[in-house]
Amino acid sequence: MSQSSASAPVVYHLRPLHTGAHLYEVSCRIERPAADGQLLSLPAWIPGSYLVRDYARHVVRFQAESGGEPVQARKIDKHTWRVAPVAGELLIRITVYAADPSVRGAWLDDEQGFVNGVCVFLRVHGEEQAPSIVHIDPPDLPPNPGSASGWRLSTGLQRLTGGQGEFGAFRASSYSDLIDQPVLMGQLTTVEYMAAGVPHALVLAGLPNPDRGRLQADLARICTWHIDFFGRPAPMARYVFLARVSIEGHGGLEHRNSAALACRRDDVPQPGVTGNEAGYRRFLGLVSHEYFHAWHVKRIRPAEFVAADLGAEAYTHQLWIFEGITSYYDDLALRRCGLITVEQYLEILGKSLTRLYRTAGRRHQTLEEASFDTWIKYYRPDENTANATVSYYLKGSLVALALDLELRSRTAGTCSLDAVMRTLWQEYGADDSPGLPEGRFEQLAENLSGLDLKAFFGQSLRTTIDPPVGILLAQFGIRLHMRSRESEADAGGVRGRHDERPRAWLGLKANTSDGHVRISHVAANSPGERAGISAGDELLALAGRRVTANNWETTLARLVPGDDLVCHLFRNHQLVKVVCQPVPAPRDTCYLTLDPEADAAAVVRRNAWLGLP
Ligand SMILES: [Zn+2]
């Protein structure tokens, strides 16, 4: 720790204590603790991920001292401590267990460390608006060449000491700023680029040799597109993607000046390695999604989140606006900035529509309900989720598509969702904005377009009727086709091979990872459900023939609709026999094509929408 560093009312010190045991030690020095006893807490949830995670549950040890003497501390609820009053400075020291591999937690091992502030930095009640200083140390690792030497650090936090990539001291302007700036450490690879005059970086842990040139060019293109979409100048002085690369895993969490990414090694291009172009498109879609959030949900916020103290759920009906519209623009931005073709974009849209049409739960849950109940439903999926709920990401993105097309076609191209988003940014993007109140988005879209959109919003948000995507796409010279699926792995999006004789369908999904065929999901109104097959059943035989992890897919492919099918299975270690009647696979698989007969006006609309000249 540097003695010369600036002081602040709260000074934190983060230190990897034991990499093998996944333990951080974090201290917190409070200059002027509350006279009647200081309250300290950790959040229950992290902005951007709407599940109560109770971060305090990973606090292993809590110690308080003042003037070198221990001070009594007592927990008053699951995540709050009250420390006895002291005369001078108060020093709190906690040990935190960090073994959550997701972008929403904290991690530490011999290879890398990743920290979200909600996991390690105590909120000092009464000092939330005050700036704080954070010292971060490297782990004390044995000098073992080739293993964990040479750790570097990257974060969006403002740097006070040390050069780029070095450990040192950092500054946060408030507690909410502190917990919005994740920290990545380990052997890092940094790919720097500029977008609209703003320095950006992609920092990778777990991938020493990425294709720098390609990443620089493509990420600069995406980020520049987003900055221009909302209007220059960019709202951040610097931006960093903190990416943890591993064999599997795909996800992200947005922040104001950074994003945490989890991505698959095969998805990131590397020189001399044959490209996985579909995987790379998925990676670029993730980058685009999290970056869009830097405006939309990190700065433009639902009013319900502005005042949220992170101690308990913050309920809103508006998540479709923040996640659905972001999911619409993430891939559309790739098309408009030229990174994917029109055909590739239509394939992505066709797959999204397929996912929606295969979600039986869309008949039970509206978009607004999906948002409101995210705390207990979207973030707590189980075997019945697809039968009971609809994703506000997925349906939200398709309602955003329908809204954009509706605005463009009914105003002859003078208004669009782009214009609504820019106005939203101008009206609600400021740091001191009270946030977007419920209903205001709908009002704004009506005001800007001069259209009566009450029926559109009423149906799309507050009923379970599907958004009218097919009718709208037709006005843009795009045809929507439905076909039956050709295999279990058929995700839609492309024309099928043939359509004359649909395959048989049981409505069963199975997990075969342990070599057994365990039913993981039974579709509502499917032959499997009618026969009484249940998630958790272990399927043994169909028509008297053994079913294994290896032959499960081919067995399904050979079934004939209409035949009585005897199924043997284990349920609670008991042998059970049921009879199932496979039906022709439903026509729930969608693909889109350019309409060769589209008139000139439709082509003009299509080109304007998709960013073609
Ligand atoms: Zn998102």
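Here, the structure is the one placed above.
Sequence order as written defines the numbering, with residues in each chain counted from 1. In view of the model being predicted, local features appear only for residues whose pLDDT reaches at least 70, and side-chain atom pairs are presented and counted only at 80 or more, with totals across whole chains, interfaces and linings using the full set of residues. The basis for the side-chain values is all heavy atoms of the structure; hydrogens and waters are excluded.

### Some thoughts on the overall build of the protein
Segments assigned H or I by DSSP are reported as helices when at least four residues long, segments assigned E as strands when at least two residues long, and all are numbered from the N terminus. A count of helices and strands for the protein gives 17 helices and 31 strands. Referenced to the eigenvectors of the C-alpha coordinate spread, the extents of the protein come out at roughly 80 × 65 × 50 Å. Within the protein, the fraction of its 613 residues that count as buried is 54%. Within the protein, residue pairs in contact and separated by at least 24 positions form 68% of the contacts whose partners lie at least 6 positions apart. For the protein, the exposed surface amounts to about 26,100 Å²; the carbon and sulfur share of it is 49%. Just so you know, the count uses Lys and Arg for positive and Asp and Glu for negative, and it drops His and the chain ends. A charge is said to be at NZ when it belongs to Lys, at CZ for Arg, at CG for Asp and at CD for Glu. Positive and negative charge centroids in the protein, built from 64 and 69 side chains respectively, lie 3 Å apart. Here the term buried applies to any residue with accessible area under 20% of the maximum for its type, exposed to any over 50%, and partly exposed to those in between, with areas from a 1.4 Å probe on protein chains only. Working rule for contacts: check all heavy atoms of both residues, and any pair within 4.5 Å makes them a contact. For every accessible area listed, the method is Shrake-Rupley and the probe measures 1.4 Å; residues are considered covered only by the protein chains on display.

### Quick look at unusual backbone geometry
Residue Arg232 is joined to Pro233 through a cis peptide bond whose omega torsion reads 0°. By the secondary structure assignment, Pro233 is in the loop between helix H3 (212–230) and strand S19 (239–246). Here Val297, not a glycine, exhibits a phi torsion of approximately 120°, which is positive. Turning to its location among the elements, Val297 is positioned in the loop between helix H4 (277–293) and helix H5 (303–306). We classify Val297 as buried; its relative accessible area is 8%.

### Section: the environment of Pro561
Checked against the element boundaries, Pro561 lands in the loop between helix H16 (552–558) and strand S28 (565–571). Taking C-alpha positions, Pro561 is 8.5 Å from Pro502, a pair spaced 59 residues apart along the chain.

### Points about the nonpolar core
Core analysis: the biggest nonpolar cluster contains 162 residues, and Ile92, Phe241, Phe283, Phe441 and Trp609 have the highest contact counts within it. Looking at which element gives the most residues to this core, the answer is helix H6 (residues 319–336), with 10 residues. Ignoring sequence-local partners within four residues, the contact set of Phe441 consists of Trp320, Ile321, Ile325, Leu403, Leu417, Val420, Met421, Leu424, Leu436 and Phe457. In this structure, Val547, Leu565, Leu569 and Val578 belong to the second largest nonpolar core, which totals 19 residues. As used in this record, nonpolar core signifies buried Ala, Val, Leu, Ile, Met, Phe, Trp, Tyr and Cys residues forming a set joined through side-chain atoms within 4.5 Å.

### Thoughts on the coordination of the zinc ion
The protein atoms that coordinate the zinc ion are His289 (NE2), His293 (NE2) and Glu323 (OE), at distances of 2.0 to 2.1 Å. Coordination shells were defined by N, O and S atoms within 2.8 Å of each metal, extended to 3.2 Å for Na, K and Ca; water is absent from the atom set, which can make sites look incomplete. Here the donor residues of the zinc ion are spaced in sequence according to H-x3-H-x29-E. Residue His293 is located in helix H4, and its partner Glu323 is located in helix H6; the two are separated by 30 residues in the primary sequence. In this structure, His293 and Glu323 share a single accessibility class: buried.

### Some details on the sheet that holds strand S21 (residues 258–264)
Here the rule is simple: two strands pair whenever DSSP picks up at least two bridges between them. Pairing is mixed across the open sheet formed by five strands, whose spatial order is S17-S18-S19-S21-S20. Looking at which strands have only one partner, the edges of the open sheet turn out to be strand S17 (188–195) and strand S20 (251–254). Direction aside, neighbouring strands of the sheet carry axes that sit 15° apart on average. Relative to S19, strand S18 (residues 198–205) is paired through six bridges, and the arrangement is parallel. In the strand pairing of S19, His200 is matched with Tyr239. Here an axis means a line fitted to C-alpha atoms, over the contact stretch when the element is a helix, while the angle between two N-to-C directions is reported on a 0 to 180 degree scale. Here H4 sits on the sheet and contacts S18, S19, S20 and S21; the angle it forms with S21, its principal contact strand, is near 165°.

### With respect to helix H11 (residues 417–428)
Spanning 12 residues, H11 covers 16 Å between terminal C-alpha atoms, matching the ideal 16 Å at 1.5 Å per step. Buried residues of H11: Leu417, Asp418, Val420, Met421, Thr423, Leu424, Trp425 and Tyr428, and no others. Those residues of H11 hidden inside the fold are in contact with H3, H4, H6, helix H10 (394–410) and helix H12 (440–449). Residue count minus one, scaled by 1.5 Å, sets the expected span of a helix.

All we've got here are geometric facts, nothing functional implied.
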